[in-house]
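Commentary on secondary and tertiary structure
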Amino acid sequence: MTTTAARAAYGLGGFACLLLVMEAAPRLGLVDERFLPPASRILAALADELRTADLWAALAETLRGWALGLAIAFCAAVLAGVVIDAVPGLRAASHSTIEFLRPIPSVALIPLATLLFGASLGSTLLLVVYASFWQVLIQVLYGVADVDTVADDTARSYGLSRWSRVRHVVWPTALPYVMTGLRLAAAVAFILAVTAELVIGSPGLGLRIQIAQSSGAVATMYALVVLAGLVGIAVNLGVRVLERRVLAWHPSVRGEAAP
Amino acid sequence: MSAVARWAARVLGLPALLVLAWWAYSSVSQSFYVPAPPQVARAFADTWLSERLVDDALPSVARLLAGYALAAVLGVGLGVPIGLFPRLRATAEPVLEFFRAVPPPVLVPLIMLLAGIDDTMKVLVIVSGCVWPVLLNTVEGVRALDEVLSDTCRIYGVRPASRLRHLVLRGASPQIMAGLRQALSVGIILMVISEMFASSSGLGYTIVLFQRGFAIPEMWSGILLLGLLGLGLSVLLRWVERRVLFWHWSHRA
């Protein structure tokens, strides 16, 4: 048996154990069945949910907020990072502002989002963009600071224009950092998209969880939480695949692929 | 003197400009939602320099710290054995990855169901979100321990307790600190959300209360306070990190 197969087998075993415990605990009366239904009922509820059109519409809403917010934050952060790097003195001057704004938890903006946009896509976008902007910006700033001075001087003495220097020297250096920022931001954006739906009530997966909870549909609520986890995994995997493709030329990825 | 002035200009220059721009905007715009900076400052002083600080802000911070500490202990305590034993790791890791992928806020309604709406629930919510970054980073850190070092330890017959302290925990500490840093921002988010859901005290509750009463300057002052809290905690954590990892940085520099 190869090691990958063994690892997969162990992993499946882990999931089987989890399911077994979740099935046995309520049935044996260790936990109250009203609060933690057996795993089989949760999975059945998930299968039921997946057959309804409402669920897919909610999922599409969540993913739309996620993708749109992430795209806006990503473009804004890359632009801001390059500008901060290009204008002399701006990096030092902006440091304190960034350090102050960054730790403000984006959920603190929930009241503001409610006032400005109500329960709509706009609220979701405000939170998602604010949260993921900083993740990307910090990485872009690390990345552009990492440019090799010799390479930069070489490009300068060969008379490359400012734009070509950004294109051929700064961007390839910063790209691995930018991709890391994108990976972090994608996870954060998904969390905040669901949060906005859950707390403000904009349409999407979070709102359905909220409705399931307030109507006492416990198994459905667990099913939706499981679904949120699965979507989270899909988001992570998707960004990782993208990262490997974009950085296929980079030594860190090439080294991994080598036998 | 001029060095101090230059430092002040660098640190305070852009924030001052931004506040001035905000001020100018608020005096031009008639929007009800954009109060002028002095209004926010007055609301900040009136609201938070009174008993609200004791009644709302301190309990919030206490719950955050309790949940955070519990998550750190749990994360490191579970992460070390999972990192040390490859079979356990292969079994547990996919399950852990799944739990990490669940957005922590969706657990709030679930934990409310299981634990009611008192302080226990809020601490549990914070633990449920903070534990994953710490746990998974600990596993990574322990797994990546230098093999030569562990072999050396074994050959010299270093006892398990000191091996754990001097090799495993110390070797994994840069990763553990990285996990703690990620967990801090998750913790603040969850603190606010758990209070917005069901609470009669706390920062999240108060800010939502102001918003519902259209007390806009007060609402802004609450957002400002959360920002200051986040900033303060991350500065504190960086200070701790520098002390704990001084050997790491001096080694790499």
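Residues numbered from 1 in each chain as written. Chains lettered and ligands numbered in written order. Predicted model: local features only at pLDDT ≥ 70, side-chain atom pairs only at ≥ 80, totals over all residues. Heavy atoms only, no water.

Some remarks on the overall build of chain B
Helix and strand counts for chain B stand at eleven helices and zero strands. Shown N-terminal to C-terminal, the secondary structure of chain B runs as helices and strands in the order α-α-α-α-α-α-α-α-α-α-α. For chain B, the C-alpha radius of gyration of 23 Å lies well beyond 18 Å, the compact-globule estimate for 253 residues. Referenced to the eigenvectors of the C-alpha coordinate spread, the extents of chain B come out at roughly 75 × 60 × 30 Å. Expressed as a percentage of its 253 residues, the buried residues of chain B come to 46%. For chain B, the exposed area adds up to about 13,100 Å²; of that, 67% sits on carbon and sulfur atoms. (Helix = DSSP H or I, 4+ residues; strand = E, 2+ residues; numbered from the N terminus. Rg over C-alpha atoms; globule rule 2.2 N^0.38 Å. Buried < 20%, exposed > 50% of the residue type's maximum accessible area, 1.4 Å probe, protein only. Areas by Shrake-Rupley, 256 points an atom, 1.4 Å probe, with all protein chains shown as cover.)

Side note on the interface of chain B and chain A
Across the contact, 47 residues belong to chain B and 47 residues belong to chain A. Buried area between chain B and chain A, summed over both chains or domains, comes out near 4,300 Å², and the portion from carbon and sulfur atoms is 80%. For the chain B face of the interface with chain A, the top three residues by lost area are B:Phe98, B:Val106 and B:Leu113, together amounting to 14%. One salt bridge connects B:Glu93 with A:Arg7, and the closest N-O pair in it is separated by 3.4 Å. (Contact = heavy atoms within 4.5 Å. Buried area = accessible area lost by both parts, 1.4 Å probe. Salt bridge = Lys/Arg side-chain N within 4 Å of Asp/Glu carboxyl O.)

A word on the packing of aromatic side chains
Applying the stated criterion across every chain, the model contains six aromatic pairs over all chains. Measuring from ring centre to ring centre gives 5.8 Å for A:Tyr130 and A:Trp134, while their planes differ by 75°; the resulting arrangement is edge-to-face. Within this pair, A:Tyr130 and its partner A:Trp134 are both found in helix H6 (residues 121–145), separated by four residues, close to a single helical turn. Judged on exposure class, the residue A:Tyr130 and its partner A:Trp134 are both buried. Ring geometry for B:Phe98 and B:Phe99: centres 5.9 Å apart, planes at 65°, overall edge-to-face. (Phe/Tyr/Trp six-rings, centres within 6.5 Å; stacked < 30°, edge-to-face > 60°.)

Observations regarding the UniProt feature "transmembrane region" (unreviewed entry) in chain B
Residue and element names in this part refer to chain B. Here the UniProt feature "transmembrane region" (unreviewed entry) sits at residues 7–25, 65–86, 183–207 and 219–240. Along residues 183–207, the helical share is 80% and the strand share 0%, with 23 Å between the first and last C-alpha atoms. Helix makes up 100% of residues 219–240 and strand 0%, whereas the separation of the span's terminal C-alpha atoms amounts to 32 Å. (UniProt positions renumbered as here; feature names shortened; annotations may be inferred.)

Section: the UniProt feature "domain: ABC transmembrane type-1" (unreviewed entry) in chain B
Feature annotation in UniProt places "domain: ABC transmembrane type-1" (unreviewed entry) on residues 61–237 of chain B, given in this structure's numbering. Helix makes up 86% of residues 61–237 of chain B and strand 0%, with an end-to-end C-alpha separation of 15 Å.

Digging into the UniProt feature "transmembrane region" (unreviewed entry) in chain A
UniProt's feature table lists "transmembrane region" (unreviewed entry) at residues 66–87, 108–133, 184–207 and 219–239 of chain A, given in the numbering used throughout. End C-alpha atoms of residues 108–133 of chain A are separated by 15 Å, and the span's content is 81% helix alongside 0% strand.

A few points about the UniProt feature "domain: ABC transmembrane type-1" (unreviewed entry) in chain A
As recorded in UniProt, the feature "domain: ABC transmembrane type-1" (unreviewed entry) lies at residues 55–243 of chain A. Here residues 55–243 of chain A runs as 85% helix and 0% strand, with 30 Å between its end C-alpha atoms.

Description of the environment of A:Cys17
With respect to the helices and strands, the residue A:Cys17 is situated in helix H1 (residues 3–27). Taking the C-alpha atoms as reference points, A:Cys17 and A:Asp48, 31 residues apart in sequence, are found 24 Å from one another.

Points about a nonpolar patch on the surface
Together, B:Leu84, B:Phe85, B:Leu88, B:Leu164 and B:Leu169 make up a nonpolar patch on the protein surface, roughly 390 Å² of accessible area in all. Mapped onto the elements, B:Leu164 comes out in helix H8 (residues 160–197). (Patch = residues over 30% accessible without salt bridge, like charges linked within 9 Å, V, L, I, M, F, W, Y side chains within 5 Å.)

Concerning the confidence of the model for chain A
The predicted model of chain A has a mean per-residue pLDDT of 86, with 96% of residues at 70 or higher. Mean pLDDT across the elements of chain A bottoms out in helix H11 (residues 251–257) of chain A (64) and peaks in helix H3 (residues 53–86) of chain A (91). (pLDDT = per-residue confidence, 0-100.)

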